[in-house]
Structure formats: C-alpha cells, structure tokens
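Results of the structural survey
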Amino acid sequence: MHKKRNDIILIIVILIIALVSFLFLYLTPNKNLVAYVYHNDDVVLQIDLKKDDSYTVQGDIGDVYIEVKNSKIRVLQSDCPDHICINQGYISKANQTITCLPNKIYIIIVGNDEVDAIV
C-alpha cells in the first residue's frame, strides 16, 4: 500500500519538475537575439531583434520585405510564387529559420544566452 502511494508521489514530483522546466525555457524572454539574413550563403544583413523596423533585401527574383516587431521577425512580402516564407509567420527563438528558396534568401536567429533544450 505504501509502495503504490510513494509511486504516485514520485510521478507527481516528476510532472511538477517537468512543468517548471517547460515554463522556464519557453516563457523567459530571449536576450541578445540577432537575425542574420543570407543571400546565396553570404550575410547581407544583421538585424537586432530588440529594435522594431522593416528591411528590404534583393533576392534572385525580386525584393523580400522583412519585418521585426516585438522581438520577432517575419517575411512580410516576397515576389516568390508560392509564398511559403510569408505563410511561416513570425519566428523568435534561436536557431529558427525562414527560407525563401526562389529568392535564395534565408533568415536564421542566433542567440548568445540560449540554453540548449534538446534532450
């Protein structure tokens, strides 16, 4: 009887630890995040995500309009035919990317203070 109760207590403690870890990793604000915009594997733009602004980058088939708002970045408009890069929406975490294949442009977020949460 005590063994079953101890097992339940252990499971509850593990679930609480998992919940606190999840909240810490995903709800704490990211600091020092920078987005790098590449065209043909060359960095063409470095963007500080703390500053809300709009940017334009020339791609292979046209301009790509990028928006930074509330420490998030997205492709606002592009001349590509499928608009997958636009439909991806905002990204805000380190190592997330947006890619516009027809324009050969991709954006990656890099952060210095990120914790590697891969288990």
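None of the values given here were measured: they were computed from a predicted structure.

Let's talk about the packing of aromatic side chains
For the coordinates displayed, the defined rule picks out one aromatic pair. Judged by centre distance (4.7 Å) and plane angle (10°), the rings of tyrosine 38 and tyrosine 106 are stacked. Here the residue tyrosine 38 occupies a position in strand E1 (residues 33–39), and tyrosine 106 occupies one in strand E7 (residues 105–111), the gap between them amounting to 68 residues. Residue class for tyrosine 106 comes out partly exposed when judged on its relative accessible area of 26%.

Considerations on the sheet that holds strand E5 (residues 72–78)
Pairing is antiparallel across the open sheet formed by three strands, whose spatial order is E3-E4-E5. For this open sheet the edge positions go to strand E3 (53–58) and E5, each flanked by a neighbour on one side alone. Taken over all neighbouring pairs, the strand axes of this sheet differ in orientation by 25° on average, direction set aside. Here strand E4 (residues 63–69) runs beside E5; their pairing, made up of six bridges, is antiparallel. For isoleucine 66, the partnering residue across the bridge sits in E5 and is valine 75.

Some thoughts on the nonpolar core
Core analysis: the biggest nonpolar cluster contains 21 residues, and Ile47, Leu49, Ile66, Ile73 and Ile107 have the highest contact counts within it. Going through the elements one at a time, E1, E3, E4, E5, strand E6 (97–100) and E7 are the ones with two or more residues in this core. Dropping the residues within four chain positions of it, isoleucine 47 is found in contact with Leu33, Val34, Ala35, Val37, Tyr55, Ile66, Val68 and Ile73.

Thoughts on the sheet that holds E1
Strand order in the open sheet formed by four strands is E2-E1-E7-E6, with antiparallel pairing between adjacent strands. Across the chains shown, the open sheet's two edge strands, defined by having one partner strand only, are strand E2 (42–48) and E6. When strand polarity is set aside, the average angle formed by the axes of neighbouring strands in this sheet is 20°. Looking at chain direction, E1 and E7 are connected through seven bridges and run antiparallel.

Remarks on the side chain of glutamate 67
Inspection of the secondary structure puts glutamate 67 in strand E4. Accessibility expressed as a relative area gives 15% for glutamate 67, which makes it buried. Separated by 2.6 Å, the side chains of glutamate 67 and arginine 74 make a polar contact. A distance of 2.9 Å separates a polar atom in the side chain of glutamate 67 from a polar atom in the side chain of tyrosine 90. Not counting chain neighbours up to four residues away, the residues in contact with glutamate 67 comprise Asp53, Lys72, Ile73, Arg74, Leu76 and Tyr90.

Quick word on the pairing of E4
Pairing of E3 with E4 involves six bridges; the strand directions are antiparallel. The residue bridging valine 57 from the neighbouring strand is valine 64, located in E4. Here E3 hands over to E4 after four residues, the two strands then running antiparallel side by side. The antiparallel pairing of E4 with E5 creates a hairpin that spans two residues between the two strands, and asparagine 70 there sits at a positive phi of about 55°.

Calculation criteria
Residues numbered from 1 in each chain as written. Predicted model: local features only at pLDDT ≥ 70, side-chain atom pairs only at ≥ 80, totals over all residues. Heavy atoms only, no water. Phe/Tyr/Trp six-rings, centres within 6.5 Å; stacked < 30°, edge-to-face > 60°. Helix = DSSP H or I, 4+ residues; strand = E, 2+ residues; numbered from the N terminus. Buried < 20%, exposed > 50% of the residue type's maximum accessible area, 1.4 Å probe, protein only. Pairing = 2+ DSSP bridges. Axes fitted to C-alpha atoms, helices over the stretch in contact; angles between N-to-C directions. Core = buried A, V, L, I, M, F, W, Y, C linked by side-chain atoms within 4.5 Å. Contact = heavy atoms within 4.5 Å. Polar contact = N/O pair within 3.5 Å; in protein donor to acceptor, adjacent residues only side chain to side chain.

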